[in-house]
Amino acid sequence: MAMQSGFIKRIRDIMRMDAGINGDAQRIEQMVWMLFLKVYDAKEDDWELNEDNYVSIIPEECRWRNWAKPDENGHAMTGDTLLGFVNNTLFPALKELSVSPSTPVKKAIVKSTFEDANNYMKDGVYLRQVVDVIDEIEFDDVKESHAFGFVYEEILKDLQSAGSSGEFYTPRAVTDFMAKMINPKLGEQMADFACGTGGFITSWLSELSKQITDVDSQAQFDDSIYGVEKKPFPYLLCVTNMLLHDIEVPRIYHDNSLKHHLLDYTADDRFDVILMNPPYGGHEDKSIQSFFPDDLASSETADLFMSVIMYRLKKNGRAAVVVPDGFLFGLDNAKLSIKKKLLTEFNLHTIVRLPNSVFAPYTSISTNIIFFDNTQPTKETWYYRVDIPTDRKHFSKTKPMELKHFDECIQWWNDRKEIILEDGYKAQMFSADYLLNEQGCNLDLCGYPHEEEEVLSPMETIQNYQEKRTSLNAEIDKVLAQLEALLPGGASIDT
């Protein structure tokens, strides 16, 4: 059984011998498009059994069962034959599938998943070996399928050290805490407009699954999610993630949530719950700002997503959003307008301040979770500071934040009172009038004392340096590619 044999290590060891794989990000992308086809093939087994006259959108020769598995004589494609099939038949066929507005979502996702996918491997023998390892997984075995869910979570965590791909993963403790505090209810629909690999969606599903009692509630559960992801790689990861969680018709769309006129949204575009960690630190094309009213137009992606969230939250809806410190204390025109709108048109009831090292060592940006609802203007806002546990000085890759570190906050949530420690307020309440007028919308209150810097061992120092260098190299490659695209005649930049 694959789960008992070090699945990730086996694949990593094979791919390291292939000259086409350059780094962890490519290794993970290579692994996941194959996993998608394997999982999708298992789902098609169910659909063929339960639906009359089911017809696959994938051409017969390109279905996993017909090219990845050995035939009845134990023979399977390998070497140059397999490599030629994948590059010249499989990928072109899946990228060019015929899809129309009437195509069922569970079929259309195949094309959208492969539109920007790539085969990086150059050795057909090693490719065969990887396919064989993946084919060992038995998704019709409930125990093995459940075990693979944990393996997939490790694959997503690996993204954090895979160069710039780390931005797609929010620590599971954070997504689980937010889903728990938002208190999902069957019949509600949640959205994440920059869903990455689907962390918030899976935490929502995990919390909501406790309420499933019959076929009707299962149907409500299956129809409770909506996600949008702009970048092709995390989109592929997210769709595969949903299939692994038995969401057979995942409403996950490959699109840019910011490329829609904010004022054009109607009641049909709004959701009961929004859970998000909007991309921050990034910048969209200048033209994106034209989709926003002048007072909300910003060059910062986190600000733009905050506006989208406010316009797409239903009346009486609830939201929990991760924001950087810069959003709390920033006083530029767009941030001021957004925060005034948040305080005067929404109920910003809670701000949970997170330790600086929650996302360490992948980013040093300090973050917070804001909780608000669309019920009434804010009257008062509570702050709560989650402190580093006493058994450590900071969170790290080897000692990450866990859900238990939110236990005191969860206990405080339903019995709110001010808490004063030696280093200042841990929990405190402020009126909306104070935040708007005396603070001038500077929401940077109940902040952190200085966190001690992590002292690494020599090997950890080297590993940390290598991860930062990989991330920097990925950013340099991206910038060079953008510059080369602007050069005439396909010229290249000599580095």
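Just so it is clear, the model here is predicted, and its values are computed rather than measured.

K.L.:
Kindly report on the overall build of the chain, identifying the contributing residues and their values.
P.N.:
Along its length, the chain carries 17 helices and 10 strands. Per-residue burial over the chain gives 51% buried out of 495 residues. In the chain, 76% of the contacts between residues at least 6 apart in sequence involve partners at least 24 apart. Of the roughly 23200 Å² of accessible surface on the chain, a fraction of 49% belongs to carbon and sulfur atoms.

K.L.:
So what's going on with the environment of Asp132? Which residues, and what values?
P.N.:
Within the secondary structure, Asp132 is located in helix H6 (residues 124–135). The partly exposed category is assigned to Asp132, whose relative accessible area is 34%. Along the chain, Asp132 and Ala68 lie 64 residues apart, while their C-alpha atoms are 7.7 Å from each other.

K.L.:
Kindly report on the pairing of strand S2 (residues 225–229), identifying the contributing residues and their values.
P.N.:
With five of its five residues buried, S2 lies for the most part within the structure. Side-chain alternation along S2 places Ile225, Gly227 and Glu229 on one buried face and Tyr226 and Val228 on a second face that is also buried. Relative to S2, strand S1 (residues 190–192) runs parallel, the two being bridged by three bridges. Paired with Met190 across the two strands is Ile225, which belongs to S2. As for the winding sense of the linkage, the β-α-β connection from S2 through helix H11 (residues 232–244) to strand S3 (residues 252–254) is right-handed.

K.L.:
Please set out the packing of aromatic side chains residue by residue, giving values where relevant.
P.N.:
Applying the stated rule across the entire model yields 21 aromatic pairs. With centroids separated by 5.5 Å and ring planes inclined at 75°, the aromatic side chains of Phe91 and Phe114 adopt a geometry described as edge-to-face. Placement of Phe91 in helix H4 (residues 79–95) and of Phe114 in helix H5 (residues 105–114) is noted, with a sequence separation of 23 residues between them. Seen in terms of ring centroids, Tyr383 and Phe430 are 5.5 Å apart; in terms of plane orientation they differ by 90°. Their pairing is edge-to-face. Within this pair, whereas Tyr383 is found in strand S8 (residues 380–385), its partner Phe430 is found in strand S10 (residues 424–431), the two being separated by 47 residues in sequence. Taking NZ or CZ as reference, Lys106 lies 4.4 Å from the ring centre of Trp47, over its face. Stacked on the ring of Phe327, the Lys or Arg Lys339 has its end atom at 5.8 Å from the ring centre.

K.L.:
Quick one: what's the story with helix H1 (residues 7–15), residue by residue and with numbers?
P.N.:
Since the α-helix packs 3.6 residues into each turn, any two residues three or four apart lie on the same face. Within the span of H1, buried status applies to Phe7, Ile8, Ile11, Ile14 and Met15. The buried residues of H1 occupy one face: seen down the axis, they fall within an arc of 135°.

K.L.:
Give a detailed account of helix H9 (residues 199–208), specifying residues and quantitative values.
P.N.:
Within H9, eight of the 10 residues are buried, leaving the element largely enclosed by the surrounding structure. Those residues of H9 that fall on the buried side of the exposure criterion are Phe200, Ile201, Thr202, Ser203, Trp204, Leu205, Glu207 and Leu208.

K.L.:
Help me get a handle on empty space enclosed by the protein, residues and values and all.
P.N.:
According to the stated counting rule, one finds two cavities of 30 Å³ or more in the structure shown. One number sums up the size of the largest cavity: a volume of about 40 Å³. Contributing to the lining of the largest cavity are Glu153, Leu156, Tyr169, Thr170, Arg172, Thr175, Gly199, Thr202 and Asn241. Residues belonging to the lining of the largest cavity are distributed by class as follows: two nonpolar, five polar and two charged. Looking at the lining of the second largest cavity residue by residue, the class counts come to two nonpolar, three polar and two charged.

K.L.:
So what's going on with the confidence of the model for the chain? Which residues, and what values?
P.N.:
Confidence along the chain averages 86 in pLDDT terms, with 85% of residues attaining 70 or more. Here residues 1–5 scores under 50 on pLDDT; set against residues more than four positions off or in separate chains, the count is 16 contacts.

K.L.:
Which residues make up the pattern of salt bridges, and what are the values?
P.N.:
Applying the stated criterion across every chain yields a total of 28 salt bridges. When the shortest N-O distance is used, the salt bridge between Lys335 and Asp332 registers 3.4 Å. Since its relative accessible area comes to 11%, Lys335 is described here as buried. Across the salt bridge formed by Asp444 and Arg353, the nearest N and O atoms sit 2.6 Å from each other. Remark: Arg353 occurs in strand S6 (residues 347–353) and Asp444 occurs in the loop between helix H16 (432–438) and helix H17 (458–486); sequence separation between them is 91 residues. Under the relative-accessibility criterion, Asp444 is labelled partly exposed at 34%. Arg353 gets classed as buried once you look at its relative accessible area, which sits at 2%. Within this structure, Asp41, Glu44, Asp45, Glu48, Glu60, Arg63 and Arg65 form a network of salt bridges that share partners.

K.L.:
If you had to explain the nonpolar core to someone new, which residues and values would you point to?
P.N.:
By size, the foremost hydrophobic cluster in this structure holds 102 residues, and its most contacted members are Phe7 and Trp67. Considering every element that reaches this core, the biggest residue donor is helix H2 (residues 24–50), with 11 residues. Counting residues in each nonpolar core, the second largest holds 43 residues, with Ala191, Tyr226, Val228 and Phe327 among its members.

K.L.:
Describe the sheet that holds strand S5 (residues 313–324), and please don't skip the residues or the numbers.
P.N.:
With respect to topology, 10 strands assemble into an open sheet ordered S3-S2-S1-S4-S5-S7-S6-S8-S10-S9, the strand pairing being mixed. In this open sheet, the two edge strands, each paired with only one partner strand, are S3 and strand S9 (419–421). Averaged over all neighbouring strand pairs, the angle between strand axes comes to 15°, with direction disregarded. Pairing of S9 with S10, which is carried by three bridges, proceeds in the antiparallel orientation. Counterpart to Ile420 in the pairing with S10 is Tyr425.

K.L.:
Tell me about the state of the cysteines, residues and numbers included.
P.N.:
Inspection of every chain in the model, using the stated rule, returns zero disulfides. In this structure Cys195 is not part of a disulfide, and its nearest cysteine sulfur, from Cys238, lies 3.9 Å away. Assessed through its relative accessible area of 5%, Cys195 is described here as buried.

Cut-offs applied
- Residues numbered from 1 in each chain as written.
- Predicted model: local features only at pLDDT ≥ 70, side-chain atom pairs only at ≥ 80, totals over all residues.
- Heavy atoms only, no water.
- Helix = DSSP H or I, 4+ residues; strand = E, 2+ residues; numbered from the N terminus.
- Buried < 20%, exposed > 50% of the residue type's maximum accessible area, 1.4 Å probe, protein only.
- Contact = heavy atoms within 4.5 Å.
- Areas by Shrake-Rupley, 256 points an atom, 1.4 Å probe, with all protein chains shown as cover.
- Pairing = 2+ DSSP bridges.
- Right-handed = clockwise from strand over helix to strand, strands pointing away.
- Phe/Tyr/Trp six-rings, centres within 6.5 Å; stacked < 30°, edge-to-face > 60°.
- Lys NZ or Arg CZ within 6 Å of the ring centre and 35° of its normal.
- Arc of directions from axis to C-beta.
- 1 Å grid on protein atoms, 1.4 Å probe; cavity = no way out; pocket = protein on both sides within 12 Å on 5 of 7 lines; lining within 4 Å.
- Points joined across faces, edges and corners; volume = space filled by probe spheres on them.
- Nonpolar A, V, L, I, M, F, W, Y, C, P; charged D, E, K, R; others polar.
- pLDDT = per-residue confidence, 0-100.
- Salt bridge = Lys/Arg side-chain N within 4 Å of Asp/Glu carboxyl O.
- Core = buried A, V, L, I, M, F, W, Y, C linked by side-chain atoms within 4.5 Å.
- Axes fitted to C-alpha atoms, helices over the stretch in contact; angles between N-to-C directions.
- Disulfide = S-S within 2.5 Å.

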